[in-house]
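Chain by chain, the residues:
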Amino acid sequence: MCQTRGRTTIVHCITVRVLLFGCLQEVFHPRGAFAAPFAHPSMLIPSRSAFINPVLALPKLQTNLKALSPCQRVLVSALGSNLPGSDRPSSMFGRGGSLLPLSRRSSRGRWRDSRVVFLCVPPEFEGEFKAPTGAGSDGIHISSPAVKRASKKYTFDLEAPFCPTGDQPEAIATILDRLESGRPFTVLRGATGTGKTFAVAETVRRYGRPTLILCHNKTLAAQLARELRSFFPRNSVELFVSYYNFYQPEAFLPASDTYIAKTSSINQELDALRHRATRSVFERGDVIVVASVSCIYGLGLPTNYLNARVVLSVGHSACIERVSEALKEILYVPSEGSLSQQERGTFAVTHTLRSSDIVVWPPYEDEPVRLSFVDGRLDCIQRGRVGKAVDDISIYPARHHVTPKEQLNAACQRIEAELEDQLHALHAADNPSAAARLQERTRNDLEMIRETGFCQGMENYSRHLAGRKQGDAPDTFVDYLSGAFGRDGWLLVVDESHVTLPQLKGMYAADRARKENLVRHGFRLPSALDNRPLNDQEFWSKVEQALFVSATPGEREVLMAQESGQCGGQAPIVDMVIRPTSVLDPEIEVWPKAGQLDALLEEVRARIAQGDKSLVMAITKKDAEDLASWLLQHGVVAKYLHSGLTTHERADVLEELQRGELQVLVGVNLLREGLDLPQVSLVVVMDADKEGFLRSSRSLIQTVGRAARNERGKAVFLADVVTKSMQTCIDETYRRRKKQAAYNAEHQLLPITAVGRETRSLFDIEREESDSGLEKSVQWAHNVRTDREREDKDSSVVSGDSVVSRDSGCADQLEDLQTDLNGYQSSMETKRQMIKSGDETAIVGVAGEEEAIVMSEDRKHVLELKKMVDRLPTKTGVYLWMTEENGKVLYVGKAKSLRTRVMSYVKDGSVGAKIKALRTRARHIDFVLTPGGEHDALLLEGRLIKEHRPPYNVLLRDDKFYPYICVTLSDPYPSIFSVHRKDRANARFFGPYTNVGQLKTSLQLLEQAFRLRSLRFQARHGLPVSEAEYRHAVDKCVQVLEGNGEAVAASLDKEGRFDAANAVRSILSCSTPPRKELNFLGWPEDSPACDVVALAIVDQEPAASEGGLFEERHRTCLVQLLQLRSGAIKGRFSFLAHVPEAFEDADLSEAVETVLEQYFLDAEHGDCPELVLTQLPLIQKDAIVRLLKQKGGTKSKVRAGRTRGKGAAMDSRAIELAYANAAAEAQRLSTRQVSSTNAASELEGLLRLPGPPVRIEAYDISHLQGAGTVASRVVFINGEPAKELYRTYNIRGVQDKPDDYAAMEEVIYRRFRTSSEGQGGEVNGNELPDLVLVDGGKGQLSAAVRGLKSAGYPGMAICALAKREEELFVYGQSEALETSSEQAALLLLRALRDESHRFALQAHRRRRRKDLLGEGARHYVSGSIVGPQ
């Protein structure tokens, strides 16, 4: 029951039996009497440390409602509770009320009893809870009875140089009256230029509610936000639009069996504006948010976003490590560069003599925030680079989609369960291909989510991540508003409602139709359907009051206003016709189409003479481009504007017109609503008699309104007939003119052209703020240095005779920073210049070395990756990110310059989550050069992706969808354009073009040379164009596309058309002729399995070799073997071999034979090819053929490349590919210098040796299925091979069976057995090694150790290096040591192991050749193999 005592209401607690499931301690605050979750910061109790949603914290409460008395049930019902038995409240903020667990503690801090009581608190409650202190009291005091948040008003300070005039005062008063009376919907119909924006601003000021203003595109939203910022400079005016510069949604087209992968480009500046909007909603009430329809798309749970924030206060205990981890948990990324390079959404940890600091840059802040920690406490918080001190701060997540780890794990389980159900359904529907596709894709996504917390297209699992039920509405920005202010605590304004409302309604249907196809064909799970915008009913269920604003309201908003009830005889529309400038609506004239271009040009020139601007509305984008081009040719400064331009480009074009740099702007559909262009006095509508959306009565009225701000305004319709829409527009315009003229006459007013407001859009303002970041950064660094220098003078640490003070390098760094600042100020055209630190490994902050950023393990790994990238060639090819050498492929990409492209992945500064996760997992970067250029690179990329299925790649389009150039020869005026399928009759096709940029460039240059589009445009609009001359131009275009461009250019030179000739030559220079085949290297997918072998000389000085009876100087060569399977590269292996200094073809051939024998004897290299294609003819190819037959059971061919005939081109391309990669690998090898000193030092630490090893011995075993087993020993001294100490062993004990372990034990025993006791440190006349290396894994290592023990040397230092995984093992440890593939120590051990393998194989080969061929082997056989690269 409820009892009222003055201003305090006592609500007696309702006792409810519950099952806690261990959640009690999470809900109750440890210091307070209770903990209550609230939706808005203004409702926080000071002792609260976090928000808690009780329905989520206690998900399995069992409520016994029958135990409640009737009075108690009425109380619960009246408060609109969401009982904790439900799975999920109606909103994450508990709209309609939330049940709050309450209890009390005794004076000793223990719970007084085990009962838990719940109080249902409506979201609009703003009072204060107090636990009663009287003995036996069983209630909770609530001061200030609950007041609806809708009654709370905020102060909006409107600043404007004018007051409401004309019919604005009456319209504003009427709107306010209807809003205050509770009318849900109101319509404001205001003619263009009547001051609708100012009327809305005045309404917001007087109504005092937070306001969401909805626009239908980004450009208008940016303009409106700019205007409102000028009206409300002291309030929060924010912009919330899509952060995509470009967005192509994922789709599948069943009719053409086409899959289109999602592609997008994110604008970080727009993302920052979105974060500012959500932050403002939570932190202040005087907020106006201008949004596009992006606000109805999922934004993540408001509670997750709010609960995840990090709240810090000066003076409180705080550990810098825990704060850093907390920032990582809310998706802030550690910065990898200097402080001047820091970007939004990152943080850096720095250390000084005085404190340890975190510099974090929230995405919604203009500048970073510095948190200084001293002695385990937060000592100082400084906002901005100027160091404005504050006492506390709330840091919101770096992204809106925040999912706690526990919730992520639960989501993965739900995704797996749904996958199993969907696979069963697809199999039941007899669709196994869709099931296989779905299973592979979803399993890969789950693997990525578990490893990195992210996957491509993660938004499609939003239902599981948010814990929503199937079909539940997503949480959107609208929910953020309702959660912060209550459903009836904010106002919705729909700008240009006649366009925005249909857009709102259509978003859901279009999204669902697209995703149903994806689900049906196995590209997505059914839960992807719940990653969607709000549908129409869901959106309006969240809106309490709305004001529709338009010059031409649609039928729907008028009907909504009529049906909202209690019109009281009033008209549903509030009308505004009178302009504050007294300007009348433009006059309208209808001109015939005959001679329209000449008439248009004459009228435009007349307006230019008056200093006015003109707008021309075409009906298609191509017409807009062609007309702008035609006007330019006739001396008029014109540009086009349509949806093909990016958001920034559209804003830039409009600003050029407003600044007077343009004379004519040609558009299609973007010049209708909301543009403030008083400079425009002429609007021309082409094809006005073509009925449709673009020429409807509303569109025409809006278009005519573009000239309604100029006293000389005039509209021209180019039409041969007057349509119904045209007549409606004309009638409405002259109705307004009559009323406006009468008002002017009554008040004796004269029309005055409006004055345009500030031309900069909000995008430019934000861009300039971003551009000024470097200047502020350097100034901030200077201030920090000066302050810290003063502080450090007093805090220098004196120890004996030494003084620990600042590094002397700070002054030099400051000079460098000042130089950078001067250079930046003198050239503001360079955007976001980056100040590079001198030593990359030092990572020094801009304030000096006393503020060095702590190098993380991730940073060290990135530096290792950079070393790999530095050795990549700058040629065209394909790159592969791998978990390790010969390991799993993580990502495949193509590049025109491999080094430049891959370097972008490891550049300094913040990177996306996908690239960061890729870098974390990658340990090796491989590449394949494609001498055939970008065409072959693109095809090879697609084949490798299909082969390896890398988890970080998205699906590529099938080859059959590469575009062609089409020429429609059967048309009277043929067109030239791009198509994706050859499905047109009587047309010629050229292509396919694997490089879309090349195709576009070719089309642009053809148009520049022959002006076909311009001629067609003139012909369509009544200008005389000779059909014969046009066809002659088309014939020349066809000749260029056929490859006869030089002849065409020469003929154009003879005609004196030098510009056209240069354009044709540009086509020849910037592009390569498209290939007809779409197979990599021209090899079909059903081509036989082939190994291609090529050889290149390593660019090193000849070295001396000693062995046997003579010395010989030799050169090193690299042999490259490519595995071609199904027309693509399956594997690539590199080997090193030695040839004489004055080598001949026979020496090179023998080196290749040595490599092939080793390669095919190694069982790990897989299948036997049907063909071995070599760069040079082999002398002993029959031996290779027999070896292949012995291994694979079938006869294979071994031959050199053909020089003529049908297959010569295919062979040539394959050998060219192998040679190019061999040469690149040889070049990389020649530049990789292994420092023996560094390697020895690393080995000392890695293997825990007593000192750096000088002499290292390596051992290997070679045999052919157990026959003729031999062993080898090679010796390196000071990192160099000592070939005079090389030796081979004929293994005696295992000649009839393949037992590598026994062979290794025997050779080690024979090497180290003691012959006499007087030899000291020598055995069998050889010095003892500092380290023994065996070729193999743990088994070979154990065998070698047994041999050492038998020989009497159990303490000898020994290790093993395996080939496949490059794992390093030491005796006594079961796991391999952690090493890097580029580590000097590992490179030295690899060279030793591979040299021992080469030497063993050489000895075994001599024996086998003597037995098989009956001839003596040459004493010196080159082929020093340094392993698969």
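Chemist: Any details on the confidence of the model for the chain? Residues and values, ideally.
Modeler: Should pLDDT be low for a region, the predicted coordinates there are not to be read in detail. On average, residues of the chain score 75 in pLDDT, and 73% of them are at 70 or above. A low-confidence stretch, residues 1315–1322 stays under pLDDT 50, and its non-local contacts, those more than four residues away or across chains, total seven contacts.

Chemist: I'd love a proper account of the pattern of salt bridges, names of residues and values included.
Modeler: Under the definition given, this model contains 59 salt bridges. For the salt bridge of Glu 459 with Lys 262, the shortest nitrogen-to-oxygen distance reads 3.1 Å. Of this pair, Glu 459 sits in the loop between helix 11 (432–452) and helix 12 (462–466) while Lys 262 sits in the loop between strand 13 (258–260) and strand 14 (263–266), and the two are 197 residues apart along the sequence.

Chemist: Tell me what's going on with helix 13 (residues 477–485), and back it up with residues and numbers.
Modeler: Counting buried positions along helix 13 yields nine of nine residues, so the element is predominantly enclosed. Of the positions making up helix 13, those classed as buried are Phe 477, Val 478, Asp 479, Tyr 480, Leu 481, Ser 482, Gly 483, Ala 484 and Phe 485. Residue Gly 486 follows helix 13 closely and has a positive phi angle near 85°.

Chemist: Describe the sheet that holds strand 20 (residues 369–374), with residues and values.
Modeler: Read across the sheet, six strands follow the order 17-18-19-20-21-22 without closing on themselves; strand pairing throughout is mixed. Of all the strands in the sheet, the pair left with one neighbour each is strand 17 (333–334) and strand 22 (388–390). Of the pairings in the sheet, the one linking strand 19 (residues 356–361) to strand 20 comprises five bridges and is antiparallel in character. In the sheet register, Val 359 faces strand 20, and the bridge partner there is Arg 370. Helix 9 (residues 320–329) contacts strand 17, strand 18 (346–351), strand 19 and strand 20 of the sheet and is inclined by roughly 15° relative to strand 19.

Chemist: I'd love a proper account of the sheet that holds strand 10 (residues 236–240), names of residues and values included.
Modeler: Taken together, the seven strands give an open sheet; going across it, the order is 10-15-9-24-25-8-26, and neighbouring strands pair in parallel fashion. Of all strands in the sheet, those bounded by a partner on one side alone are strand 10 and strand 26 (573–576). Adjacent strand axes in the sheet meet at a mean angle of 20°, parallel and antiparallel pairs treated alike. Here strand 8 (residues 185–190) runs beside strand 26; their pairing, made up of four bridges, is parallel.

Chemist: Talk me through the packing of aromatic side chains; I want residue IDs and the actual numbers.
Modeler: Any pair of aromatic rings gets described here by the distance separating the centres and the angle formed by the planes. The final tally for this structure, using the stated rule, is 28 aromatic pairs. When the ring of Tyr 891 is compared with that of Tyr 905, the centres are 6.2 Å apart and the planes differ by 55°; the resulting orientation is tilted. With Tyr 891 in strand 36 (residues 889–895) and Tyr 905 in the loop between helix 26 (898–903) and helix 27 (913–921), this pair connects stretches of sequence that are 14 residues apart. Residue Tyr 905 is classed as buried on the basis of its relative accessible area of 5%. With 4.9 Å between their ring centres and 70° between their planes, Tyr 1159 and Phe 1160 make a pair best called edge-to-face. Note on accessibility: Tyr 1159 and Phe 1160 belong to one class, buried. The ring of Phe 523 carries the charged tip of Arg 437 above its face, separated from the ring centre by 4.5 Å.

Chemist: Kindly report on the packing of helix 20 (residues 697–704) against helix 21 (residues 724–747), identifying the contributing residues and their values.
Modeler: At a closest axis distance of 8 Å, the pairing of helix 20 and helix 21 adopts a crossing angle of 45°. Judged by the inter-axis angle, helix 20 sits oblique to helix 21. As helix 20 runs across helix 21, the sense of the crossing is right-handed. For the pair helix 20 and helix 21, the contacting residues are Ser 697, Leu 700, Ile 701 and Val 704 in the first and Ser 725, Met 726, Thr 728, Cys 729, Glu 732 and Arg 736 in the second. Looking at the contact of helix 20 with helix 21 residue by residue, the class counts come to five nonpolar, three polar and two charged.

Chemist: Break down the nonpolar core for me, with residues and values.
Modeler: By size, the foremost hydrophobic cluster in this structure holds 96 residues, and its most contacted members are Leu 371, Ile 395, Phe 477 and Trp 540. If near-sequence neighbours (up to four positions away) are discounted, Phe 477 is found in contact with Leu 212, Phe 240, Ala 277, Thr 278, Val 281, Val 289, Cys 295 and Leu 299. Of all hydrophobic cores here, the second largest spans 41 residues; its members include Leu 408, Leu 446, Tyr 461 and Leu 918.

Chemist: Quick one: what's the story with the side chain of Arg 1273, residue by residue and with numbers?
Modeler: Along the chain, Arg 1273 turns up in strand 48 (residues 1267–1277). One polar contact links the side chain of Arg 1273 to the main-chain carbonyl oxygen of Leu 1285, over a distance of 2.7 Å.

Chemist: Report on the environment of Glu 1225, specifying residues and quantitative values.
Modeler: Positionally, Glu 1225 belongs in helix 36 (residues 1208–1231). A C-alpha to C-alpha distance of 7.7 Å links Glu 1225 and Leu 1118, two positions 107 residues apart in sequence.

Chemist: So what's going on with the environment of Glu 420? Which residues, and what values?
Modeler: Residue position: Glu 420 is located in helix 10 (residues 405–428). For Glu 420, the side chain forms a polar contact with the side chain of Arg 443, separated by 2.9 Å.

Rules used in this analysis
Residues numbered from 1 in each chain as written. Predicted model: local features only at pLDDT ≥ 70, side-chain atom pairs only at ≥ 80, totals over all residues. Heavy atoms only, no water. pLDDT = per-residue confidence, 0-100. Contact = heavy atoms within 4.5 Å. Salt bridge = Lys/Arg side-chain N within 4 Å of Asp/Glu carboxyl O. Helix = DSSP H or I, 4+ residues; strand = E, 2+ residues; numbered from the N terminus. Buried < 20%, exposed > 50% of the residue type's maximum accessible area, 1.4 Å probe, protein only. Pairing = 2+ DSSP bridges. Axes fitted to C-alpha atoms, helices over the stretch in contact; angles between N-to-C directions. Phe/Tyr/Trp six-rings, centres within 6.5 Å; stacked < 30°, edge-to-face > 60°. Lys NZ or Arg CZ within 6 Å of the ring centre and 35° of its normal. Parallel < 35°, antiparallel > 145°, perpendicular 65-115°, else oblique. Left-handed = near helix turned anticlockwise from the far one by under 90°. Nonpolar A, V, L, I, M, F, W, Y, C, P; charged D, E, K, R; others polar. Core = buried A, V, L, I, M, F, W, Y, C linked by side-chain atoms within 4.5 Å. Polar contact = N/O pair within 3.5 Å; in protein donor to acceptor, adjacent residues only side chain to side chain.

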